[in-house]
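# Breakdown of the fold
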Amino acid sequence: MLCSILLLTMACEEEQQVDYQEGYPNRMAGNWYVYDFNGKFVSIDSLHQIDIQNPEMFEGPYYLSTALDPESDDSIVIQNIYNANVRVKARLDSNRFFTTYGKQLEVFNLGGDSIRYVSLEGYIIDGNDGDIIVMTIGLYQTKHTNYDSIFTYGFRKTGWEDYEIGN
């Protein structure tokens, strides 16, 4: 009987509050439905030319995740770039994030395409229908070998990073 009371008492305890870094949750963290425009757009100024109703213009949608770096309050981790599980850490400055030849963090398969470095500049923009993420991205097999250049555009799915992309 004593065991039953102890089990009931432990089951009714409140969940522990998780302590996050200051500013968390933050609008920079989230899950996104994104589209890639390979080599067709090179700047944020090209947004007015995007026609997401025309499937010949893009690849996607697929899921991308952004998360605040738990070890640094000025960094963000972007996961599933290029829909190839490419993951990189970028500097965070307000609603802008960027890196130049950032090391690919997915060390086991290098994103499936031997991508070792990523350069990117991205923004999270307040849109009429919710947050929008835009990025110009360069993918590199070596620092001198450009694998691909893409423009990524997407819409917020949720406000929390998703550890299981696509679920």
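Residues numbered from 1 in each chain as written. Predicted model: local features only at pLDDT ≥ 70, side-chain atom pairs only at ≥ 80, totals over all residues. Heavy atoms only, no water.

### Overview of the confidence of the model for the chain
Summing up the model confidence of the chain, the mean pLDDT is 77 and the portion of residues at 70 or higher is 69%. When the elements of the chain are averaged for pLDDT, helix H1 (residues 2–11) gives the smallest value, 42, and strand S5 (residues 96–103) the largest, 95. Considering only residues more than four positions removed or in separate chains, one finds that residues 1–22, a stretch of pLDDT under 50, has 5 contacts. (pLDDT = per-residue confidence, 0-100. Helix = DSSP H or I, 4+ residues; strand = E, 2+ residues; numbered from the N terminus. Contact = heavy atoms within 4.5 Å.)

### Structural notes on the pattern of salt bridges
Tallying each qualifying case throughout the model produces 4 salt bridges. A salt bridge links Glu121 to Arg96, with the nearest nitrogen and oxygen atoms 3.0 Å apart. Note that Glu121 is positioned in strand S6 (residues 117–127) and Arg96 in strand S5, a separation of 25 residues in sequence. The exposure class of Glu121 is partly exposed, given its relative accessible area of 28%. The closest approach of N and O atoms between Arg156 and Asp131, which form a salt bridge, is 2.9 Å. (Salt bridge = Lys/Arg side-chain N within 4 Å of Asp/Glu carboxyl O. Buried < 20%, exposed > 50% of the residue type's maximum accessible area, 1.4 Å probe, protein only.)

### Quick notes on the side chain of Thr99
Along the chain, the position of Thr99 falls in strand S5. Thr99 sits in the buried class, given a relative accessible area of 14%. What Thr99 contacts, discounting residues up to four positions off in sequence, is Val88, Lys89, Ala90, Val118, Ser119 and Leu120.

### A few points about the pairing of strand S1 (residues 30–38)
Of all 9 residues in S1, 7 are buried; the element is thus mostly enclosed. The pairing of S1 with strand S8 (residues 145–158) spans 8 bridges and is classified as antiparallel. What sits directly across from Tyr35, in S8, is Tyr153. (Pairing = 2+ DSSP bridges.)

### Considering the packing of aromatic side chains
Tallied over the entire structure, the rule returns 8 aromatic pairs. Measuring from ring centre to ring centre gives 5.4 Å for Tyr153 and Phe155, while their planes differ by 85°; the resulting arrangement is edge-to-face. Taking the relative accessible area as the measure of exposure, Tyr153 reaches 14% and is therefore buried. Put simply, the rings of Tyr35, Phe37, Phe58, Phe151, Tyr153 and Phe155 pair up and form one aromatic cluster. The lysine or arginine in question, Lys157, covers the ring of Tyr63, its NZ or CZ lying 4.4 Å from the ring centre. (Phe/Tyr/Trp six-rings, centres within 6.5 Å; stacked < 30°, edge-to-face > 60°. Lys NZ or Arg CZ within 6 Å of the ring centre and 35° of its normal.)

### Brief notes about unusual backbone geometry
Backbone torsion omega between Gly60 and Pro61 reads 5°, so that peptide bond is classified as cis. Checked against the element boundaries, Pro61 lands in strand S2 (residues 59–68). Despite not being glycine, Ser94 shows a phi value in the positive range, around 60°. Looking at the secondary structure, you find Ser94 in the loop between strand S4 (86–93) and S5.

### Considering the sheet that holds strand S7 (residues 130–142)
The strand order S1-S2-S3-S4-S5-S6-S7-S8 describes a closed barrel built from 8 strands, whose pairing is antiparallel. Across the sheet, the axes of successive neighbouring strands diverge by a mean angle of 30°, strand direction being ignored. (Axes fitted to C-alpha atoms, helices over the stretch in contact; angles between N-to-C directions.)

### Things to note about the environment of Thr152
Positionally, Thr152 belongs in strand S8. What makes Thr152 buried here is its relative accessible area of 0%. Considering only alpha carbons, one finds Thr152 and Gly122, 30 residues apart in sequence, at a separation of 8.9 Å. In this structure Thr152 touches Val34, Tyr35, Asp36, Tyr62, Ile133, Val134, Met135 and Ile137, once residues within four positions along its chain are discounted. Here Asp36 takes part through its side chain, which lies 2.7 Å from a polar atom of the side chain of Thr152. (Polar contact = N/O pair within 3.5 Å; in protein donor to acceptor, adjacent residues only side chain to side chain.)

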